[in-house]
Amino acid sequence: MSTDTQPVASLQNPFAEIENLEFVVPGQIATKPGVYEKALKAGHELQQRPRNAAGVKSIARQHQKKRMTIWERIQVLTDEEPTILYQNWGPNLDGASLVTAIIRVNGRDVALYGHDFTVRAGSMDATNGKKLARLFELAAKRRIPLVGLNDSAGAYIPAGVGGLDGYADAFTALRRISGVVPSIMCMFGFNAGGGSYLPRQGSFLIQPHDTFFGLTGPGVVKSVLGEDVTPDELGGPRVHSQSGVNDFIVPDEVAALKKVRELLNYLPSYNGEMAPFQPSSDPVSRKTWDIDILLKKAFNSPSGFNTPIDISILIQQLCDHGDFLEIQPERARNTVTALGRMGGHVIGFVANNSAVASGQIDIGAAYKNARFIRFCNLYNIPVIFLEDTTGFLPGREQEAGGIVQAGRAMLDSIVDLRTPRILVLVRNAFGGAYASYNNYPTGADLVVALPTTRLAVMGPAGIEYVYKDELRAIRGAVAGKLAAAEQQQRDAGLSESEARAAARDLVDAWVKAEEADLSQRYERELMNPNEALSLGSISQIVMPSDLRQLLAENMEFHLRHYRPEPMAGIQREFH
């Protein structure tokens, strides 16, 4: 068989019907088409061009990479057909690699942009930058949230400086609406350069597995530094989750889009309103017995009050139907930041997690808390703080990394917080950690404590300062007691070495018993909520089973008298 008769592979559907459009008015007498009909046909082609620009081959390549096209992503995300904006597709495909639209999500209007990787690899040119800036301005003007579906190779190199100007336009416009409307960014595919900067300007960033974004790719790292590194090692989701660059890791693109819908459910449309109220069948008077059970099992265990507890169980018990959304769950697990609801109202939770590193506040935890608290402050979200920490993490590594600066950032965000806020002392609250964690002096509306609270200037180490005379007397008596005990053992018929060893055991046991008595005295006299309650630093003691009702009812009162509005007045310096 000759080669010219070989079948040729094609992605064209041989059975597809070619649609011949006739631009006629129903009921109109048939006439010969003229220049008017030609103009309508040309206009129709321009209308369809955004969706048809990719072609079947480009779409197939996108699917082979386990990625959706921008149009498929929009279809998953929106409730109904989108309204496509700014369809400026020039003769050289200027602006073609970016789609801008208004969509409906959970019944709300949302501004959306998305890179079309099937056209110029989703790269940016000057036209794209102007489109993005116009969309951002529209979102702020009409007070609607913004969603970005990022899948871009960066600036379009043949466009020259126009591509860089495009990014500069977008950077500037997105910064100007920051704090006006919330924004959620998804990272799809392989993004580099400006394609990394732009989405991280958003409020939240979602990154699926098998994706990359970074200032440079592995090839640049290899050529400049001579290092061999994979995309996942350089800018994969696990890398960015530990630094706080991303906020959520999800398995795939569909999960990312579902996360967008879930997150929007907790966010207001703009900074002048409350987050959406959602009536709940879960009564605020529900007893939180599971908190009682958790604390009972933990503190009655052999390790007593030093037993770690998972603070997320308390958050789950407080929220309507136990439903909450943790922010940055992979980063700094010694603190938990989350959005939930109580009595239908959206609440932010900031909680020390003693299940990890005793809940100590390190650099990562401080910055994680500060960023979340500042977001709640901007968008009128009340905050409940759950405190259970032995303090800030000490050490040379932390000091060299700037723990003072990180701790100050967290403290500043708490002092500046204007929304209703409550502090619950769960267990440990020592020293500077207590002083900087939403107490009455730093602006709390209510401070309550569980009976398990241990509030003091210092933790158990404070014994060395409070009872130094008693400890000095105990340690000073060791030599005399050792000699007396050794003589007693000799008199009992033991050899010299046996008598010395037995005496040492007896005296060591005596010292431990005396120090244990001082520890119990320290907890009885100082390491408890009594003094704080008498001074008014704590308003009341609350039983664990009553915690949801007390918090929900008090928060309801404060929210009734809170007026949501944009932040005003002096804006303080930040780190």
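Only a predicted model underlies this, so the values are computations on that prediction, with no experimental measurement involved.

Thresholds, definitions, all that
Residues numbered from 1 in each chain as written. Predicted model: local features only at pLDDT ≥ 70, side-chain atom pairs only at ≥ 80, totals over all residues. Heavy atoms only, no water. Helix = DSSP H or I, 4+ residues; strand = E, 2+ residues; numbered from the N terminus. Rg over C-alpha atoms; globule rule 2.2 N^0.38 Å. Buried < 20%, exposed > 50% of the residue type's maximum accessible area, 1.4 Å probe, protein only. Contact = heavy atoms within 4.5 Å. Lys, Arg positive; Asp, Glu negative; His and termini not counted. Charge placed at Lys NZ, Arg CZ, Asp CG, Glu CD. Phe/Tyr/Trp six-rings, centres within 6.5 Å; stacked < 30°, edge-to-face > 60°. Pairing = 2+ DSSP bridges. Axes fitted to C-alpha atoms, helices over the stretch in contact; angles between N-to-C directions. Expected span 1.5 Å × (residues − 1). Salt bridge = Lys/Arg side-chain N within 4 Å of Asp/Glu carboxyl O. Polar contact = N/O pair within 3.5 Å; in protein donor to acceptor, adjacent residues only side chain to side chain. Parallel < 35°, antiparallel > 145°, perpendicular 65-115°, else oblique. Left-handed = near helix turned anticlockwise from the far one by under 90°. Nonpolar A, V, L, I, M, F, W, Y, C, P; charged D, E, K, R; others polar. Right-handed = clockwise from strand over helix to strand, strands pointing away. Core = buried A, V, L, I, M, F, W, Y, C linked by side-chain atoms within 4.5 Å. 1 Å grid on protein atoms, 1.4 Å probe; cavity = no way out; pocket = protein on both sides within 12 Å on 5 of 7 lines; lining within 4 Å. Points joined across faces, edges and corners; volume = space filled by probe spheres on them.

Draft legend 1. Spotlight on the overall build of the protein. Each helix and strand in the protein was counted, giving 22 helices and 17 strands. Computed over its C-alpha atoms, the radius of gyration of the protein comes to 32 Å, more than 25% above the 25 Å expected for a compact globule of 575 residues. If you line up the protein on its principal axes, its C-alpha atoms span 125 × 65 × 45 Å. For the protein, the residues scored as buried account for 47% of the 575 residues in total. In the protein, 73% of the contacts between residues at least 6 apart in sequence involve partners at least 24 apart. Here the protein contributes 58 positive and 64 negative side-chain charges, whose respective centroids are spaced 5 Å apart.

Draft legend 2. A look at the packing of aromatic side chains. As enumerated under the stated definition, the model contains nine aromatic pairs in all. Centre to centre, the rings of tyrosine 167 and phenylalanine 171 are 5.6 Å apart; their planes meet at 20°, and the pair counts as stacked. Within this pair, tyrosine 167 and its partner phenylalanine 171 are both found in helix H5 (residues 161-177), separated by four residues, close to a single helical turn. Relative to tyrosine 437, the ring of phenylalanine 385 lies with its centre 5.5 Å away and its plane at 80°, an arrangement referred to as edge-to-face.

Draft legend 3. Region of the structure containing the sheet that holds strand S1 (residues 83-85). In space, the seven strands of this open sheet follow the order S1-S2-S3-S4-S5-S7-S9, with mixed pairing throughout. Each of the sheet's edge strands pairs with one partner strand only, and the pair in question is S1 and strand S9 (248-250). Taken pair by pair, the neighbouring strands of this sheet meet at an average axis angle of 25°, ignoring direction. Bridge analysis of strand S2 (residues 98-105) against strand S3 (residues 108-115) gives eight bridges, and the strand direction is antiparallel. Looking at the pairing, arginine 104 lines up with aspartate 109 of S3. Here helix H10 (residues 253-264) sits on the sheet in contact with S2, S3, strand S4 (146-150), strand S5 (183-187), strand S7 (204-208) and S9, set at roughly 155° to S7.

Draft legend 4. Just helix H15 (residues 403-416), in detail. Under the 1.5 Å per step criterion, the end-to-end length of H15 is 20 Å for 14 residues, consistent within 8% with the ideal 20 Å. Where H15 is concerned, the buried positions are Ile403, Ala406, Gly407, Ala409, Met410, Leu411, Asp412, Ser413 and Ile414.

Draft legend 5. Spotlight on the pattern of salt bridges. If you walk through the whole model with that rule in mind, you get 24 salt bridges. A salt bridge links glutamate 486 to arginine 490; the shortest N-O distance between them is 2.9 Å. Separated by four residues within a single helix, glutamate 486 and arginine 490 lie in helix H19 (residues 478-491), roughly one turn from each other. According to the relative accessible area criterion, glutamate 486 is buried, its value standing at 15%. Given a relative accessible area of 34%, arginine 490 falls into the partly exposed group. Overlapping salt bridges bring together Arg67, Arg73, Asp151 and Glu253 as one network.

Draft legend 6. Inspection of the pairing of S2 at higher detail. Along S2, seven of the eight residues are buried, which leaves the element largely enclosed by surrounding structure. The sheet contact formed by S1 and S2 spans three bridges and is antiparallel. Residue pairing across strands places isoleucine 84 opposite alanine 101, the latter belonging to S2. What sits between S2 and S3 in their antiparallel hairpin is a turn of two residues, with asparagine 106 showing a positive phi close to 55°.

Draft legend 7. Fine view of the environment of asparagine 352. Looking at where asparagine 352 falls in the secondary structure, it is placed in strand S12 (residues 345-352). With a relative accessible area of 1%, asparagine 352 lands in the buried category. In the structure, asparagine 352 is positioned 19 residues away from arginine 333 in sequence and 8.9 Å away in space, judged by C-alpha atoms. Leaving out residues up to four positions away in the same chain, asparagine 352 has contacts with Ile311, Asn334, Gly359, Ile361, Leu386, Glu387, Asp388, Thr389 and Tyr437. A polar atom in the side chain of asparagine 352 sits 3.0 Å from the backbone nitrogen of aspartate 388.

Draft legend 8. Molecular detail of the packing of helix H13 (residues 363-378) against H15. Two elements in contact, H13 and H15, have axes separated by 8 Å at closest approach and are oriented at 20°. On the basis of their axis angle, the class for H13 and H15 is roughly parallel. Relative to H15, H13 is oriented so that their crossing is left-handed. Seen from H13, the contacting residues are Ile363, Ala366, Tyr367, Asn369, Ala370, Ile373, Arg374 and Asn377; seen from H15, they are Ile403, Gln405, Ala406, Gly407, Ala409, Met410, Ser413, Ile414 and Asp416. Looking at the contact of H13 with H15 residue by residue, the classes come out as ten nonpolar, five polar and two charged.

Draft legend 9. View of the pairing of strand S13 (residues 383-389). Summarising burial for S13: seven of the seven residues are buried, a large majority. Neither face of S13 is left uncovered, since the one carrying Val383, Phe385, Glu387 and Thr389 and the one carrying Ile384, Leu386 and Asp388 both have all their residues buried. Looking at chain direction, S12 and S13 are connected through four bridges and run parallel. Bridging across to S13, glycine 348 finds its partner in valine 383. Taken together, S12, H13 and S13 constitute a β-α-β crossover, and its handedness is right-handed. Pairing of S13 with strand S14 (residues 421-430), which is carried by six bridges, proceeds in the parallel orientation.

Draft legend 10. Spatial organisation of H13. With 16 residues, H13 ought to run about 22 Å at 1.5 Å a step, and its terminal C-alpha atoms sit 23 Å apart, in line with that. In the stretch just after H13, asparagine 380 is the one whose phi turns positive, near 60°.

Draft legend 11. Region of interest: the nonpolar core. Judged by nonpolar contacts, the single largest core of 66 residues is most densely connected at Leu339, Phe385 and Leu425. For this core, the element with the highest residue contribution is H13, accounting for eight residues.

Draft legend 12. Representation of empty space enclosed by the protein in the model. For the structure shown, the criterion picks out one cavity of 30 Å³ or more. Space inside the largest cavity adds up to approximately 30 Å³. Along its surface, the largest cavity is lined by Ser241, Asn246, Asp247, Phe248, Ile249, Gln328, Pro329, Glu330 and Arg331. Counted by class, the lining of the largest cavity contains three nonpolar, three polar and three charged residues.

Draft legend 13. Broad picture of the side chain of arginine 341. In this fold, arginine 341 is placed in strand S11 (residues 335-342). No salt bridge is formed by the buried arginine 341; its nearest oppositely charged neighbour, aspartate 320, is found at 6.1 Å. Here the side chain of arginine 341 touches asparagine 265 through a polar contact of 2.7 Å, landing on its backbone oxygen. In this view, arginine 341 contacts Asn265, Tyr266, Pro276, Gln278, Leu318, Cys319, Asp320, Asp323, Val346 and Ile347; residues no more than four positions away in its chain are not counted.

Draft legend 14. Local environment of unusual backbone geometry. The phi dihedral of glutamine 328 falls on the positive side, at around 50°, and the residue is not glycine. Secondary-structure assignment places glutamine 328 in the loop between strand S10 (324-327) and S11. Notably, alanine 332 is not glycine yet its phi reads approximately 45°, a positive angle. Looking at the element boundaries, alanine 332 is found in the loop between S10 and S11. On the basis of relative accessible area, alanine 332 is assigned to the buried category, the value being 15%.

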